[in-house]
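Overview (structure and organization)
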Number of protein chains: 2
Amino acid sequence: MLIPADDRGFTLGVGLFETLLVIDGVPQFWAGHMDRLARGCAQLGLPAPDADACGAAAAAVLTRKGREALRLSWTGGSGARGLAAPPSPRPRLIATAAPAPPVPATLSLATVGVRRNPSSLTSRLKTLSYLDNVQARQAAAAAGADEALMLNTGGHLACAAAANLFWFRGDTLCTPALDCGVLDGIMRAAVLAEARAAGRPVEEIEGPPSVLATCDGAFLTSSLIGAVPVAAVDGKPYSAAILARSRSATSAVVRAISAP
Amino acid sequence: MLIPADDRGFTLGVGLFETLLVIDGVPQFWAGHMDRLARGCAQLGLPAPDADACGAAAAAVLTRKGREALRLSWTGGSGARGLAAPPSPRPRLIATAAPAPPVPATLSLATVGVRRNPSSLTSRLKTLSYLDNVQARQAAAAAGADEALMLNTGGHLACAAAANLFWFRGDTLCTPALDCGVLDGIMRAAVLAEARAAGRPVEEIEGPPSVLATCDGAFLTSSLIGAVPVAAVDGKPYSAAILARSRSATSAVVRAISAP
C-alpha cells in the first residue's frame, strides 16, 4: 500500500492510529477504539472516520484466523508546504494486519530518559508522531528490559512505551491519572471500569516512581497483551509472593474483561 | 510522489527533515543542513544520507528560479508491526520544492499551551514527529498571532513553532540554550557565530518568559525567513524605539550572514 508523500501524516506526523486485537475475525473493544479515534480527531481538528468504512478496511486485510493485530491509521490528509492545516482536511484511512505477538508471561521495566509531556497531545493520543515511544522502547531494550518505564516531565509515573501501568497498594488498585500524560488506553479504561463495578478500591493518581519499589504487585495493560505482570523494575525483581499477587490479579482482569 | 505505508516515517514518525532556502538554484547553508541531518541520524540510529544523493534529489525538484523552499525528508524506512526498528534500516529520501513564502516585515507571538520537552528528541531535531509544532502554530493562529511562543516543560523560554528566538538585554544578544529544548537551528547557529566573530556579547541561557516584556528588542530566525523582528508578544506591542532596534539588528544579521 502506498500513500502520497504530501500527506501530513507523513510530513508532520499529523494523524492517529488504533491497534486492535482481533480474535478469529472479531475485533475486541471495537466500539471503544472507534470512540477514542473520534475523540482524538476532535482534538486534532480532523473529521472522524466512518466506523463502517473502518470495518470494511479491516475486513479487507484480516485473515479471520487466530489472533491478529489490526492497525487502523487515519492521516491528516494532503497539505501544502508549511504547518498550516488545509481548510478542509481529507484524511486517508490505512488498515494493516499482522499475526498478534505472543502474550509474554511477565514483563521487565527499565526507567528511560525520555519523559512524557502532559502538555502535548502526543502523550494522550496514539498519534503518528510516535517517536518518543519508539525511543523509549529502544532505550529499555538497550537496558536489557522488555518495556520502558516512562515518567512524565514532572518526574511522576506515567506509563510504558506502549502500555498502561497499574500497581497495588494493599488492596487498592492504582494507576497514573490521565493528566499525568498517559495514553487513554482502552484496556486501562476496561480494567478501571471492571474494578469499580466490582466495588474494589481504585485510585487514579500522581505517583512518584518510588511506589513501584514498595507496591504489592504491578502489571501492564494494552489491547494486544491484555494484562501482564511486571516481574522487575530497573533490574530489581519482585518477590515470588508479590509476583504471585500480580499474576492472580492479571488473570482475574483478563477473565473479567473477556467475559461475554 | 508515493511512499509505502509501512515506512516508519509514516507509521511512527521516525525520520528527519530539513527545510532549506534556495535562491536562484543555490541552496543556502547546504553544508550546515547536511551536517545537522547526519547528526540527527546518529541520534535516531539511522544511516545518514549521502550528500550527493541529496543534491541530486534536490536538483530534480528545483526550478532554479527565484526563492524556493526545498524540503528533504529522510525516513526510518520500512518496518514490521511494532516499535522495534529493523536490524538495518533503509531510509527513503524524498525531496519536494515550493516557492518560498514571502518574508514578513514583523511577526507577532502568542504564548501557547503546548510546551517543549527537553527530554525528547522531537524538541531538538526536525523530526517527522512534528505534531507539537503544528499544534503550537494552530494555537497561535487561533489567538490572532503569527507564530507561537513555546515555553519548555520547566516554564522557561524555548522557541517558536518553526523558528528560534533571540532578544537583547542592553547590547547582549540572548537566546535560549539548546538544552532548553529548542531546535538546533542553522540560522540560530549562524547568528551566534557572526555575533561572536564580531566580538559582541552573547548569552545562551535559560530565561523566564518575563524577559520578553523588558527586553530591548527581539527577533525570530529560521532558514526561510532569515531574521525577522518580533512586533508584539501576547497582544502587547513593542514600542517604536524597541521595534526600530530589532529592525536594525535583523537587517545587520541578514547582511552579515548573507555576505560572501
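Below, the structure is looked at part by part.

Basis of the calculations
Residues numbered from 1 in each chain as written. Chains lettered and ligands numbered in written order. Predicted model: local features only at pLDDT ≥ 70, side-chain atom pairs only at ≥ 80, totals over all residues. Heavy atoms only, no water. Pairing = 2+ DSSP bridges. Helix = DSSP H or I, 4+ residues; strand = E, 2+ residues; numbered from the N terminus. Phe/Tyr/Trp six-rings, centres within 6.5 Å; stacked < 30°, edge-to-face > 60°. Buried < 20%, exposed > 50% of the residue type's maximum accessible area, 1.4 Å probe, protein only. Salt bridge = Lys/Arg side-chain N within 4 Å of Asp/Glu carboxyl O. Disulfide = S-S within 2.5 Å. Polar contact = N/O pair within 3.5 Å; in protein donor to acceptor, adjacent residues only side chain to side chain.

**Concerning the sheet that holds strand β4 (residues 67-75) of chain A**
All names here are of chain A. In spatial order, the strands read β3-β2-β4-β5; together these four strands make up an open sheet with antiparallel pairing. Bordering the open sheet on either side are β3 (26-27) and β5 (93-99), each of which pairs with just one other strand. Note: strand β2 (residues 15-23) against β3, two bridges, orientation antiparallel. Pairing of I23 across the sheet is with V26, part of β3.

**Some details on the packing of aromatic side chains**
Per the stated rule, a full pass over the model turns up six aromatic pairs over all chains. Between F17(A) and Y130(A) the ring centres are 5.0 Å apart and the planes differ by 75 degrees, which places this aromatic pair in the edge-to-face class. Linking F17(A) in strand β2 with Y130(A) in the loop between β6 (107-111) and α4 (131-142), this pair joins segments that are 113 residues apart in sequence. Accessibility expressed as a relative area gives 4% for F17(A), which makes it buried. Summarising the aromatic geometry, the rings of F168(B) and F219(B) are spaced 6.1 Å apart at their centres and angled 45 degrees between planes, so their arrangement reads as tilted. Separated by 51 residues along the polypeptide, F168(B) in strand β9 (residues 164-169) and F219(B) in strand β12 (residues 218-222) bring together distant segments of the chain. With a relative accessible area of 0%, F219(B) lands in the buried category.

**Structural notes on the pattern of salt bridges**
Side-chain pairing between opposite charges can occur once the charged atoms of the two side chains come close. The tally for this structure, following the rule as stated, stands at 20 salt bridges over all chains. A salt bridge links R36(B) to E18(B); the nearest nitrogen and oxygen atoms lie 2.7 Å apart. Within this pair, whereas R36(B) is found in helix α2 (residues 30-44), its partner E18(B) is found in strand β2 (residues 15-23), the two being separated by 18 residues in sequence. On the accessibility criterion, E18(B) (2% relative accessible area) is buried. A network of salt bridges, in which partner residues are shared, links D35(A), R39(A) and D184(A).

**Regarding the state of the cysteines**
Taken as a whole and judged by the stated rule, the model has zero disulfides over all chains. C54(A) carries a free sulfur, and the closest cysteine sulfur to it, the one in C41(A), is 9.0 Å from it.

**Some words on the environment of R124(A)**
All names here are of chain A. When you line up the elements, R124 lands in the loop between β6 and α4. When the C-alpha positions of R124 and D184 are compared, they lie 5.9 Å apart, and in sequence the two are 60 residues distant. Within the local environment of R124, its side chain forms a polar contact with the backbone oxygen of L178, the two atoms lying 3.5 Å apart.

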